[in-house]
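# Summary of the model geometry
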Amino acid sequence: MKHIVILTGGYLNIRFAKEYMKTLSCDKVFAVDKGLEYAEALGIVPDYIIGDFDTVDKILLESYEKQIAQGKKCAYLDRYPAKKDATDTELAILKAIEEKAGKITLLAASGGRIDHMLANLNLLLLTGQAGIECYIVDETNRVRLLDSADNRPCIIQKKEQYGTYLSLIPITEFIEGLTITGVMYPLYKKKVYQGNSLTVSNRIVDKETRISLDKGKVLIIESMD
């Protein structure tokens, strides 16, 4: 399964990212606009660089453009106009889908502007429709989508949990048949409406938790303080 890591332009804790990248086995790294600066800080030469480049350091970008033109860097660069119908991060996701990624990890997709953060969370719908396992990760959170249409549960091993807390946020009007086992507050075939906080701040207490849905879509968020 091809795994693509996308460094986008939100807030990124470089110390965290250096350690987290050591835990990943990935096939390609994409840098989105300011994400090129993060790649440089992490000592990574990205395979693909994309954006309208309104936030990246211009000197760094020019250096990459020159070295790519001279064949000194293997990265491929796509420049888009600022006036377009998709965010730079969505364009990177579409490229990853085109390259038949089986898994995507988004770093620097949270923090900073809340509009971009919410838009990035919604991109999990796009990857879900493409059948791609996708995670948004920062130093305190790991987020994924569970869609009832996939007809399979989400299983999280306690020893592999990202942090202490487990929250579920419906992103459809409601979710039906929500079942959560192995947690402090288990549920069975529960209907939960969007905007209800019933499924916030649970904890895994058994060796694993199993989360399943009969209808709807929900964000699964593992968090630490």
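So, a few notes on the structure that sits alongside this text. (Residues numbered from 1 in each chain as written. Predicted model: local features only at pLDDT ≥ 70, side-chain atom pairs only at ≥ 80, totals over all residues. Heavy atoms only, no water.)

## Regarding the overall build of the chain
For clarity, the cut-off: Secondary structure elements are defined from DSSP: runs of H or I of at least 4 residues count as helices, runs of E of at least 2 residues count as strands, and each element is numbered from the N terminus. C-alpha atoms define the radius of gyration, and 2.2 Å times the number of residues to the power 0.38 defines the globule rule. Partly exposed describes any residue whose relative accessible area lies between the buried limit of under 20% and the exposed limit of over 50%, with all areas from a 1.4 Å probe on protein chains only and scaled to the type maximum. Two residues form a contact once any of their heavy atoms are found within 4.5 Å. The Shrake-Rupley method, run with a 1.4 Å probe sphere, supplies the accessible areas, and residue values consider only the shown protein chains as cover.
If you tally the helices and strands in the chain, you get five helices and 13 strands. A globule of 225 residues ought to have a C-alpha radius of gyration of about 17 Å, and the chain, at 18 Å, matches this closely. Overall size of the chain, expressed as C-alpha extent along the three principal axes, is 60 × 35 × 30 Å. In the chain, which comprises 225 residues, the share counted as buried stands at 47%. When contacts within the chain are restricted to residue pairs at least 6 apart in sequence, those whose partners lie at least 24 apart make up 68%. Surface accessibility of the chain: about 11,700 Å² in total, with carbon and sulfur atoms responsible for 50%.

## Brief notes about the nonpolar core
Under the convention used in this document: Think of a nonpolar core as a cluster: buried Ala, Val, Leu, Ile, Met, Phe, Trp, Tyr and Cys residues, connected wherever their side-chain atoms sit within 4.5 Å.
In terms of nonpolar packing, the biggest core is built from 25 residues, with Ile6, Ile104 and Leu106 touching the most fellow members. For Leu106, the contacting residues outside a window of four places in its chain are Ile6, Thr89, Ile93, Cys134, Tyr135, Ile136 and Val137. Grouped together as the second largest cluster of nonpolar side chains are 18 residues, Val29, Ala108, Tyr135 and Tyr162 included.

## Remarks on the sheet that holds strand 12 (residues 208–212)
Where we set the bar: Whether two strands pair depends on DSSP finding at least two bridges between them. Lines are fitted to the C-alpha atoms to define the axes, a helix being fitted only along its stretch in contact, and any angle between axes, read from their N-to-C directions, falls within 0 to 180 degrees.
Spatial ordering of the open sheet is given by 8-12-10-11, a layout of four strands whose pairing is antiparallel. Of all strands in the sheet, those with a lone pairing partner are strand 8 (154–157) and strand 11 (187–193), marking the two edges. Strand-to-strand twist across the sheet, computed as the mean angle between neighbouring axes with direction ignored, equals 20 degrees. Pairing analysis gives four bridges linking strand 10 (residues 174–181) to strand 11, with the strands arranged antiparallel. Counterpart to Leu178 in the pairing with strand 11 is Lys190.

## Observations regarding unusual backbone geometry
Within the chain, Asp33 stands out as a residue other than glycine whose phi angle is a positive 50 degrees. Within the fold, Asp33 resides in the loop between strand 2 (28–32) and helix 2 (35–41). Look at Asn151: it is not a glycine, yet its phi comes out positive at around 55 degrees. For Asn151, the location among the structural elements is in the loop between strand 7 (141–147) and strand 8.

## Focus on the packing of helix 4 (residues 88–98) against helix 5 (residues 114–129)
The cut-off we apply is this: Oblique is the label for every angle not falling under 35 degrees (roughly parallel), over 145 degrees (roughly antiparallel), or within 65 to 115 degrees (roughly perpendicular). Crossing handedness: left-handed means the near helix sits turned counterclockwise from the far one by under a right angle, and right-handed means the same turn made clockwise. For this scheme, ten residues count as nonpolar: Ala, Val, Leu, Ile, Met, Phe, Trp, Tyr, Cys and Pro. Four count as charged, namely Asp, Glu, Lys and Arg, and the remainder, Gly too, count as polar.
In contact at an axis separation of 11 Å, helix 4 and helix 5 are set at 20 degrees when each is read in the N-to-C sense. Judged on the interaxial angle alone, helix 5 and helix 4 are roughly parallel. For the pair helix 4 and helix 5, the crossing hand works out as right-handed. Two secondary-structure elements touch here, helix 4 through Thr89, Glu90, Ile93, Leu94 and Ile97 and helix 5 through Asn120, Leu123, Leu126 and Thr127. Each residue belonging to the contact of helix 4 with helix 5 can be placed in one class, and the counts come to five nonpolar, three polar and one charged.

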